[in-house]
Amino acid sequence: MHTGHIQLEQVLPAEIENRSFEIIQDELAAMGKVLDPVQDLLIRRAIHTTADFDYADNLVFSEGAVEAGLNALREGAVIITDTNMAWSGINKKKLANLGGEAVCFMADESVAARAAASGSTRAVASMEKAAELYGNASRPCIFAIGNAPTALVRLYELVQEGRISPALIIGAPVGFVNVVPSKELILTLPRTPYIVARGRKGGSNVAAALCNALLYQV
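What you are looking at is a predicted structure, and each value in this text was computed from that prediction instead of being measured.

Structurally, the position occupied by Trp87 is in helix H5 (residues 84-89). With relative accessibility at 32%, the residue Trp87 sits in the partly exposed group. Sequence-wise, Trp87 and Leu12 are 75 residues apart; in three dimensions their C-alpha atoms are separated by 29 Å. The contacts of Trp87, once residues within four sequence positions are left out, are Thr81, Lys92, Ala102, Val103 and Cys104.

What follows is about the sheet that holds strand E5 (residues 101-104). What the 6 strands build is an open sheet, ordered E3-E8-E7-E6-E4-E5; its pairing is mixed. Because the sheet does not close on itself, it has two edges, and the strands there are strand E3 (59-61) and E5. Across the sheet, the mean angle from the axis of one strand to that of its neighbour is 15 degrees, orientation sign disregarded. Pairing between strand E4 (residues 78-81) and E5: 4 bridges, direction parallel. The residue bridging Ile79 from the neighbouring strand is Ala102, located in E5. Where helix H11 (residues 204-215) meets the sheet, its contacts fall on E3, E4, strand E6 (141-145), strand E7 (168-171) and strand E8 (194-197), and the angle it forms with E7 comes to roughly 140 degrees.

Here the focus is the nonpolar core. Membership of the largest hydrophobic core comes to 39 residues, with the highest contact counts inside it found for Leu59 and Ile79. The leading source of residues in this core is H11, at 8 residues. In this structure Ile79 touches Leu73, Ile90, Leu95, Glu101, Ala102, Val103, Ile142, Ala144 and Cys211, once residues within four positions along its chain are discounted. Ranked by size, the runner-up nonpolar core spans 31 residues in total, among them Val103, Phe105, Met106 and Ala123.

To continue, consider the packing of helix H1 (residues 16-30) against helix H2 (residues 40-50). Contact geometry of H1 with H2 gives a least axis separation of 10 Å together with a crossing angle of 110 degrees. Here H1 is positioned roughly perpendicular relative to H2, judged by the angle of their axes. Contacts from Glu17, Ser20, Phe21, Ile24, Gln25 and Leu28 in H1 reach Arg44, Arg45, Ile47 and His48 in H2. Of the residues belonging to the contact of H1 with H2, the class tally is 4 nonpolar, 3 polar and 3 charged.

This part takes up the environment of Leu59. Relative to the helices and strands, Leu59 is located in strand E3. Residue Leu59 is classed as buried on the basis of its relative accessible area of 8%. On a C-alpha basis, the gap between Leu59 and Val196 in space is 5.6 Å, while along the polypeptide they are 137 residues apart. Not counting residues up to four positions away in its chain, the partners in contact with Leu59 are Leu42, Ile43, Ala46, Ile195, Val196, Ala197 and Leu210.

What counts and how
- Residues numbered from 1 in each chain as written.
- Predicted model: local features only at pLDDT ≥ 70, side-chain atom pairs only at ≥ 80, totals over all residues.
- Heavy atoms only, no water.
- Helix = DSSP H or I, 4+ residues; strand = E, 2+ residues; numbered from the N terminus.
- Buried < 20%, exposed > 50% of the residue type's maximum accessible area, 1.4 Å probe, protein only.
- Contact = heavy atoms within 4.5 Å.
- Pairing = 2+ DSSP bridges.
- Axes fitted to C-alpha atoms, helices over the stretch in contact; angles between N-to-C directions.
- Core = buried A, V, L, I, M, F, W, Y, C linked by side-chain atoms within 4.5 Å.
- Parallel < 35°, antiparallel > 145°, perpendicular 65-115°, else oblique.
- Nonpolar A, V, L, I, M, F, W, Y, C, P; charged D, E, K, R; others polar.

So this is what it looks like as structure tokens:
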């Protein structure tokens, strides 16, 4: 299809995603990148969401992280996000079919009150609420953090204090202030499975995409 001097591909709407993944596969091959088969679908979905091939190098997986996430989803995991944007991007129908749910506490009045009383951020208070609700290991928890480094730092502390044992932490805050160090903290956790977007890049869309990449494999 030609529009003036600009050439457009003719792709049916239902085929756009498949065509996108073909292009990603071709470009990764041209770059000489060979992805770990277990991690492949997650990395490609992060690239698909962002059009950023840096995720082929920047995503760091702890040993067994993907399988830990898949097992948690099979057991009806709750996915806790730090933004409503990440929450809205997760395929909740697929999650519900597995007996799971996604929650975000950032807009809760109790979280706002706790943050104001302690002088912390809502992101910190929302992690504390999650630990109170799910720290008894009544169900597996996946934390999908795509915005707030303070959420990731507080989550690290709660794990170290033994107040919660996440089945998986997806650490993908984006930005400049404390983003890189907060991710590096998660990388030091010895017994907690994690998938971390190392460096400054990330975002709620990446956190949601990684959750969906796991969901689509169950």
